[in-house]
Amino acid sequence: GTTQRAKQIESKSGPFAVRGDITIGQYTTLQYSNADAIQTLTIDGKLVNNGLATLQLSAARYCDVVLTGDGDVISGSGTSMRLRNLTLTNANNKTISYAGTVWFYTGASGNAFTNNGAPFTANAGQFAFVDAFSIEGDGAITFNNLQCGNNNQTIQTLNRDIAVNG
């Protein structure tokens, strides 16, 4: 059989910064701590998800993600990522080739997907905003597929123009 492995980000020691890439291997889960706390994970490279990334466990337990790299900032063959906030900050173009779904669930306040700098294009996969979210930033945004809500009504605040290709 296949052995599942879990790596946990502890809530008491953040914020966290990775000065390179994070690769989540097949059959591996990167999970935020199961304790009421809010932290930030800054990745200066790429996020490669070949497993499962669960960085939002509840409205009081999550780790926001900031990606400072350029190019293909999220890739991999994993099936799912569960986030709260995702902020892209690089002045150069950013893309995502990740084929799975990037799920966005609520947090305490200020739920947002933000792209600052050059354009962001999701070339694959789906972005799914389950609860009320805003889309922010000064860089252009193009989604491959966009889902708003999950068997419920939600309010999405578009504080800018976006394009959807799927």
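Quick note: structure is the one above.
Since we're looking at a predicted model, the values are computed, not measured. (Residues numbered from 1 in each chain as written. Predicted model: local features only at pLDDT ≥ 70, side-chain atom pairs only at ≥ 80, totals over all residues. Heavy atoms only, no water.)

Chemist: Whenever I open this one, the overall build of the protein confuses me. Can you help?
Modeler: Of regular secondary structure, the protein possesses zero helices and 22 strands. When the 166 residues of the protein are sorted by exposure, 46% land in the buried category. Here the contacts in the protein between residues at least 6 apart in sequence split such that 52% fall between residues at least 24 apart. In the structure as shown, the protein presents an accessible area of about 7,500 Å², 45% of it carried by carbon and sulfur atoms. (Helix = DSSP H or I, 4+ residues; strand = E, 2+ residues; numbered from the N terminus. Buried < 20%, exposed > 50% of the residue type's maximum accessible area, 1.4 Å probe, protein only. Contact = heavy atoms within 4.5 Å. Areas by Shrake-Rupley, 256 points an atom, 1.4 Å probe, with all protein chains shown as cover.)

Chemist: What is the right way to read the packing of aromatic side chains from this model?
Modeler: What characterises a pair of aromatic rings is the spacing of the ring centres plus the angle enclosed by the ring planes. Evaluated as defined, the whole model comprises 13 aromatic pairs. With a centroid separation of 6.3 Å and an interplanar angle of 35 degrees, the aromatic rings of Trp103 and Tyr105 are classed as tilted. Pair check on accessibility: Trp103 and Tyr105 agree, each one buried. Within the aromatic cluster, the residues linked to one another by ring pairs are Phe104, Phe113, Phe120, Phe127, Phe129, Phe133 and Phe143. Across from the ring centre of Tyr105, 3.6 Å away, lies the NZ or CZ of Arg82, which sits over that ring. (Phe/Tyr/Trp six-rings, centres within 6.5 Å; stacked < 30°, edge-to-face > 60°. Lys NZ or Arg CZ within 6 Å of the ring centre and 35° of its normal.)

Chemist: What's the story with the nonpolar core in this structure? I'm lost.
Modeler: Here is a general trend for soluble globular proteins: nonpolar side chains tend to be buried in one another's company. With 33 residues, the main nonpolar core has Leu67, Ile74, Leu86, Phe104, Phe113, Phe120 and Phe127 as its most contacted residues. Residue contacts for Leu67: discarding those within four places in its chain leaves Ile43, Leu47, Val73, Ile74, Leu86, Thr87, Leu88 and Thr89. (Core = buried A, V, L, I, M, F, W, Y, C linked by side-chain atoms within 4.5 Å.)

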